[in-house]
Each structure stands twice: as structure tokens, then as C-alpha cells.
Amino acid sequence: MHLFSKSILIFSVFFTISEAVIHDLPSYFPRCKRYDPKLSECLLKATETVKPYLIKGVPELGVPAIEPYVIPEITLEQGTQALNFKALLKNVVVKGLGSYKFSQFDFDVPNLQWFCKATIDNMDLTGDYTVTGKILLAPIEGKGKFVAGIANSNITAYQKVEYVKKRGKDYVRPVNTTTTIEVGGPKVHLDGLFDGNEELNRVTNTVINDNVNELFEDLKPVIQQIITNIVEQWLFRALEDNVPFDKLYPVD
Ligand SMILES: *[C@@H]1O[C@H](CO)[C@@H](O)[C@H](O)[C@H]1NC(C)=O
Ligand SMILES: *[C@@H]1O[C@H](CO)[C@@H](O)[C@H](O)[C@H]1NC(C)=O
């Protein structure tokens, strides 16, 4: 029996975004020439070169640190037979994104699209939660701190862009950003369920962890939205929107 076939998921994620004020790549960013036969190799290497800057954040690009990565608020509303709850997560701190490792970073220049594959190991999420509803037919109710972990994950990211003219120059902007994630070894622990009733708290956490793979499967759209937001924040708001295409990917 498949419990998760009727899925309604509503969520919203709020990010803090600041304005970037640059017109070229920072000097420490690698430049990959768009007609270089080894473009993919250059881009793969670039993902490693820029890692320390992504980890700390780059204020002049208006992008926040990814290590840790802080999401002020995530609203979840899930309506399946197995999961029927509303939850509000606040001050979510994600650790481990900086351990990303790309295995593919292909730029199909004529069609203006990218295909990427990456892995991230040992991600941790902590934060404050409020939840009310049902989880695997048992009521769930409470507020407190949550801890979640993902031992390993495979991520793909796709982006298609189109040209836009601005200030007399060609820029690109995304028309489609799609990401997928497969997670291995997920874990969750909630503190403070049922007003701190220890027995109910323990039983509920056991139910959650006995079914944690299915739960993460249902929460995948949310995780994918978070990754899509990070990709768009970096690729689009920081780079594509500010730096002309000729400077992002020089012809020669
Ligand atoms: C975006 O791209 C993905 C992957 O190629 C595709 O499956 C999806 O249909 C596209 N979405 C839109 C709105 O074009
Ligand atoms: C990630 O991909 C590798 C190689 O294809 C596979 O062995 C592994 O099981 C995948 N991990 C997850 C969490 O899907």
C-alpha cells in the first residue's frame, strides 16, 4: 500500500536578500572561456576555487555565507494520509553545505543551459519548531527545538537562462531552475512535544525515525526548494543579474 499518493504540500521559505553592487566577477573568481573545449573541467575546478568564498559569504556580491546557512523561516503544510500537519520552523541553521563536491558541471553554451551533479555529506539542520497535526495517524503537537541530519545526499541542478539587454549589454536571467535531491541516512529529533511529556515525546520520535525515509521523501519538495533558492541566489541574484554575460564567460 502506498500511503503517500495524495500529497498536498504548501510551503514558503523566507530568505534575507541584499543588493549586490558589482559589474564584473571579483578578481579571485576563476574565469572560464565559453568556447574552451575543457569548459566543464574549468567549471568543476571553479566550484572548488570559490568554495572558501561561498563558505564565508561575499558581501560585495550580496550573498550570505553557506556555512552555516541560515533560513529565518520555513512554513510547512502537509496533507497526505500519512502526514497531515502544519509546522513553522524558525532560525533554521544548516551546517555542511560547504562540504559540497561537484562531479559534473556542464554548460551547453548554444542552448544556454547547465547540468550539474554534486554530493553533500553530513548535513545538519537545527532550529525552533511549532507543529500541530497528525503523523502516521498519531497526533503530533508541540514546540521546541529540532535537530535533523542527512548522512549523504546526491543533488542535481539544472538551469536554463535567456538573454536580456540591460544598460546596452547582454545579461542572462534564469527561465528554469530545477534541482533534485536524494538523501541517505536521514535522522530527526524533536524536543518539547506534548508540553514536554517525556513518554509521548519518546514514542513520537521513535515513530518518526522508524519511518524517516518516507517522511523525508514527502518533505523532498521543500528541501529541493531550499536548494533551488540557494542556486538562484548565487547564480542569478549575485552573478547573472550583475555581471554581463561576456564577463561571466569570456569569448577569448
Ligand atoms: C524545467 O526543466 C526541467 C528539466 O529539464 C523540466 O523537466 C521542466 O519541465 C522544466 N519546467 C518548465 C516550467 O519549463
Ligand atoms: C548517490 O549516488 C551514488 C552513485 O550513483 C549511489 O551509490 C548512492 O547510493 C547515492 N546516494 C543516495 C543517497 O541516493
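Taking an unreviewed UniProt entry as the reference, the protein is identified by name as Circadian clock-controlled protein-like Protein belonging to Tribolium castaneum. Per UniProt, the protein has the following entry under Sequence similarities (unreviewed entry): "Belongs to the TO family."

S.K.: Please clarify how the confidence of the model for the protein should be interpreted in this entry.
M.R.: Segments scoring low in pLDDT should not have their predicted coordinates read at a detailed level. Looking at the protein as a whole, its pLDDT mean stands at 87, while 91% of the residues score no less than 70. Taking the mean pLDDT of every element in the protein, the minimum, 54, falls on strand β1 (residues 9–14) and the maximum, 96, on strand β4 (residues 101–108). For the stretch residues 1–9, pLDDT sits under 50, and the model shows 19 contacts to residues farther than four places along the chain or on other chains.

S.K.: Mind showing me how you'd approach the site of ligand 2 here?
M.R.: Taken together, Asn152, Asn154, Glu182, Val183 and Gly184 make up the full set of residues adjacent to ligand 2. Across the complex, the protein chains shield 35% of the 360 Å² of accessible surface that ligand 2 would expose by itself. Of all the secondary structure elements, the ones that give two or more residues to the shell around ligand 2 are β6 (138–166) and β7 (169–190). The dominant element in the shell around ligand 2, judged by the number of residues it contributes, is β7, at three residues. Grouping the constituent residues of the shell around ligand 2 by class yields one nonpolar, three polar and one charged.

S.K.: Looking at this structure, I do not really get the site of ligand 1. What am I missing?
M.R.: Around ligand 1 sit Tyr158, Asn176 and Thr178, and that is every residue in its neighbourhood. Asn176 has a polar side-chain atom sitting 2.3 Å from an oxygen atom of ligand 1. Coverage of ligand 1 by the protein amounts to 29% of the 360 Å² it exposes when considered alone.

S.K.: Whenever I open this one, the state of the cysteines confuses me. Can you help?
M.R.: By definition, a disulfide links the sulfur atoms of two cysteine residues through a covalent bond. One pass over the full model with this rule turns up one disulfide. Between the sulfur of Cys32 and that of Cys42 lies a disulfide, 2.1 Å long from S to S. Taking the torsion about the sulfur-sulfur bond, which here is approximately -90°, the covalent link between Cys32 and Cys42 counts as left-handed. Taken together, the positions of Cys32 in the loop between β1 and α1 (39–49) and Cys42 in helix α1 put the pair 10 residues apart, joining distant regions of the chain. Residue classification places Cys32 among the buried positions, given a relative accessible area of 3%. Not engaged in a disulfide, the cysteine Cys116 finds its nearest cysteine sulfur in Cys32; these two sulfurs lie 12 Å apart. Overall, the relative accessible area of 9% leaves Cys116 in the buried class.

S.K.: Is there a simple way to think about the pairing of strand β2 (residues 69–79) in this case?
M.R.: Two faces make up the sheet, and in a regular strand the side chains alternate between them. Here β2 pairs with strand β3 (residues 83–95) via 10 bridges, running antiparallel. Each bridged residue has a counterpart across the sheet, and for Leu76 the counterpart in β3 is Ala87. Connecting β2 to the next strand, β3, in antiparallel fashion are three residues.

S.K.: Sorry if this is basic, but what is going on with the environment of Ile120 here?
M.R.: As for its placement among the helices and strands, Ile120 is situated in strand β5 (residues 113–135). The residues touching Ile120, leaving out its near neighbours within four places in the chain, are Gly96, Leu97, Ser99, Tyr100, Asn152, Ser153 and Ile155.

S.K.: How should unusual backbone geometry be read in this particular structure?
M.R.: What you tend to see is this: most non-glycine residues have negative phi, and most peptide bonds are trans. The omega angle of the peptide bond from Glu67 to Pro68 is -5°, so this bond is cis rather than trans. With respect to the helices, strands and loops of the structure, Pro68 is situated in the loop between α2 (51–56) and β2. Notably, Asn91 is not glycine yet its phi reads approximately 50°, a positive angle. Relative to the elements of secondary structure, Asn91 occurs in strand β3. Not every positive phi belongs to a glycine, and Asp195 is a case in point at roughly 55°. Within the element layout of this structure, Asp195 appears in the loop between β7 and α3 (198–210).

The rules we used
- Residues numbered from 1 in each chain as written.
- Chains lettered and ligands numbered in written order.
- Predicted model: local features only at pLDDT ≥ 70, side-chain atom pairs only at ≥ 80, totals over all residues.
- Heavy atoms only, no water.
- UniProt positions renumbered as here; feature names shortened; annotations may be inferred.
- pLDDT = per-residue confidence, 0-100.
- Helix = DSSP H or I, 4+ residues; strand = E, 2+ residues; numbered from the N terminus.
- Contact = heavy atoms within 4.5 Å.
- Near = heavy atom within 4 Å.
- Areas by Shrake-Rupley, 256 points an atom, 1.4 Å probe, with all protein chains shown as cover.
- Nonpolar A, V, L, I, M, F, W, Y, C, P; charged D, E, K, R; others polar.
- Polar contact = N/O pair within 3.5 Å; in protein donor to acceptor, adjacent residues only side chain to side chain.
- Disulfide = S-S within 2.5 Å.
- Buried < 20%, exposed > 50% of the residue type's maximum accessible area, 1.4 Å probe, protein only.
- Pairing = 2+ DSSP bridges.

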